[in-house]
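What the coordinates show
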Amino acid sequence: MPDLTGVRSVGVENVSLDEGRTSAPDYLTEAELIGLMEKNGIGTDASIPVHINNICERNYAHVQSANRTISPSKLGVALVHGYRAPYDSNNNTIDSELVLPTVRANIEENISLIAKGNADYGMVVKHALDQFLAKFRYFTAKIGLMDQLFEASFSQLAQTQSKFLTKCGKCNRFMKYMPLKPPRLYCMNCEETYSLPQNGAIKEYKGITCPLDNFEVVLYSLGPNAKTDTVCPMCYTSPVLDNMKKNSMCSQCPHPTCPRSLASRTLCRCPECDVGTVVLDPSDPPKCHASCNACNFMIVLPSAAHKIELDDACESCGATRLRVDFNKKETPLKDGATLLTACVFCDDTLSPLCSEAHSRLSLRGRGRGRGRGRGRGRGRGHSRGRGRGY
């Protein structure tokens, strides 16, 4: 390499691309573990062997007789992941301190202070009891998170009827779907569990990934002729966005540009509950719906449609107009036309082709409702009598 002074241009003689893979470090030997325990102030010469023997007797780890390395057991790994796994967008955990050396080291330090006469025995004992009582209460309040991980780690796969379904956004390997309640996805490589909504069917959805975390989304359906939605396992379990609540589906996601988020699928505000938003379901024709993301209100869209997309805002009621492409053989439009862009509430052609329903319930009768919407994104109001519809 020539000596370089100042700003100079240097030609490139050769470029090569080498492929490699890192490997995990070896397990600690018994001697290395003892050294780390002494470094972190855990135990004494007399108590350190007792600590190591305790974790082996409790089946958290095993000492390999051949090389005296200490390897974690399946139970030990599940405990560590369970205590340290974040359960919300703020990365809060059940109690990561319980698998760190700090708690034990603090107790050892306080005992040393008692021996030196610098701390009161009763106060130290009371502080330790209060600390672990608080940890116990917090753990029992969050024990459901630990149960999911233990069930995923120790349940027999034949009993859970698990199957590979979608890819993990962290390691890009397929995760196992476990349908027994509570339904969840389990990544065997990362050893992490992701919650899924209950009381519905979970299916693979086109291999599409979430733009926030690269997890493949799944399709959640309440059944035939019922509302459907897409779900990102990571966002549902531990939301990436600060303004997204836990257990939120894609129709409740505030992402501004994702094609499956609330912003990209909004039809109008819900006329039934006045809280939720009616969004276009991801189901394909002929079973297209628009449903509220907060209640069971649903609009059944024309079954003769080949494709339905959102368009611009309706000038009359503020709801988003639909761009409907009908099948040539079933089109209700005059002269065999197949394309229609119209408001589901205001248009005299499209509105009679739609009907109001409630998810899991029989469809209501068709007809025209009364009243206009109350501002942009709200849509038309509805009568409360018989024949409720459009």
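One numbering rule holds for all chains: residues counted from 1, following each sequence as written. The model is predicted, so local features are restricted to residues of pLDDT at least 70 and side-chain atom pairs to those at 80 or more, both for listing and for counting; the totals for chains, interfaces and linings are taken over all residues. For side-chain calculations, the full set of non-hydrogen atoms in the structure is used, while hydrogens and water are omitted.

1. Looking at the sheet that holds strand S5 (residues 184-187)
- What makes two strands pair is DSSP finding at least two bridges between them. Each helix is a run of DSSP H or I of at least 4 residues and each strand a run of E of at least 2, with the numbering of both proceeding from the N terminus. An order of S3-S4-S5-S6 is seen for the four strands of this open sheet, with the pairing classed as antiparallel. What marks the edges here is a single partner per strand, and that holds for strand S3 (163-167) and strand S6 (192-195). Along the sheet, successive strands turn relative to each other by an average axial angle of 35°, direction set aside.
- Sheet topology places S3 next to strand S4 (residues 174-178); three bridges connect them, and they run antiparallel. Note that in S4 the partner of Phe-164 across the bridge is Lys-176. Interaxial angle, 0 to 180 degrees, is taken between N-to-C directions of lines fitted to C-alpha atoms, where a helix line uses only the stretch in contact.

2. Brief notes about the pattern of salt bridges
- Between Lys or Arg on one side and Asp or Glu on the other, a salt bridge is scored when a side-chain nitrogen of the former is within 4 Å of a carboxyl oxygen of the latter. Tallied over the entire structure, the rule returns 12 salt bridges.
- For Glu-192, the salt bridge is made with Lys-170, and the minimal N-O distance between the two is 2.8 Å. You can see Glu-192 sitting in strand S6 and its partner Lys-170 sitting in the loop between S3 and S4, a full 22 residues away along the chain.
- Summary of the burial criterion: residues with accessible area below 20% of their type's maximum are buried, those above 50% are exposed, and those between are partly exposed, where the area comes from a 1.4 Å probe applied to protein chains only. The partly exposed category is assigned to Glu-192, whose relative accessible area is 23%.
- Of the residues examined, Lys-170 reaches a relative accessible area of 48% and is grouped as partly exposed.
- Sharing partners across several salt bridges, the network here consists of Lys-307, Glu-309, Asp-311, Asp-312, Arg-321 and Arg-323.

3. Regarding a nonpolar patch on the surface
- Where nonpolar side chains cluster on the molecular surface, the patch consists of Tyr-121, Val-125 and Leu-129 and spans about 320 Å² of accessible area.
- When you line up the elements, Leu-129 lands in helix H5 (residues 121-141). By definition, no residue in a patch forms a salt bridge, and every one has over 30% relative accessible area; like charges are joined within 9 Å, nonpolar side chains (Val, Leu, Ile, Met, Phe, Trp, Tyr) within 5 Å. To be clear on the numbers: accessible area is Shrake-Rupley with a 1.4 Å probe, and residue cover counts the displayed protein chains and nothing else.

4. Some points on the pairing of strand S12 (residues 289-292)
- Along S12, one buried face is formed by His-289 and Ser-291 and the opposite face, lined by Ala-290 and Cys-292, is buried too.
- Where strand S11 (residues 277-280) lies against S12, three bridges are found, and the strand directions are antiparallel. Within S12, the residue paired with Val-279 across the bridge is Ser-291.
- As defined by bridge partners, S12 adjoins strand S13 (residues 297-300) across three bridges and the pair is classed as antiparallel. Pairing of Ser-291 across the sheet is with Met-298, part of S13.
- What sits between S12 and S13 in their antiparallel hairpin is a turn of four residues.

5. Considerations on helix H3 (residues 74-84)
- Of the residues making up H3, those classed as buried are Gly-76, Ala-78, Leu-79, Gly-82 and Tyr-83. Across the axial projection of H3, the buried residues extend over an arc of 160°, all falling on one side. Along the arc lie the directions from the helix axis toward the C-beta atoms.

6. Section: the sheet that holds strand S14 (residues 305-313)
- Ordered in space as S14-S15-S16, the three strands form an open sheet in which the pairing is antiparallel. Here the strands that pair on one side only, and so sit at the sheet edges, are S14 and strand S16 (339-342). Pairs of neighbouring strands in the sheet enclose a mean axial angle of 20°, with direction left out of account.
- Both strand S15 (residues 320-326) and S16 contribute to a ladder of four bridges, which runs antiparallel.

7. What to know about the packing of helix H4 (residues 102-115) against H5
- For the pair H4 and H5, interaxial distance at closest approach is 9 Å and the crossing angle is 165°. Classified by the interaxial angle, the pair formed by H4 and H5 is roughly antiparallel. Seen from above, H4 lies across H5 with left-handed handedness. In contact with Val-103, Ile-107, Asn-110 and Ile-114 of H4, H5 contributes Tyr-121, Val-124, His-127, Phe-132 and Lys-135. An angle below 35 degrees is treated as roughly parallel, one above 145 as roughly antiparallel, one from 65 to 115 as roughly perpendicular, and anything else as oblique. Take the far helix as your reference; a near helix turned counterclockwise from it by less than a right angle gives a left-handed crossing, and one turned clockwise gives a right-handed crossing. Only heavy atoms matter for contacts: two residues are in contact if any of them lie within 4.5 Å across the pair.

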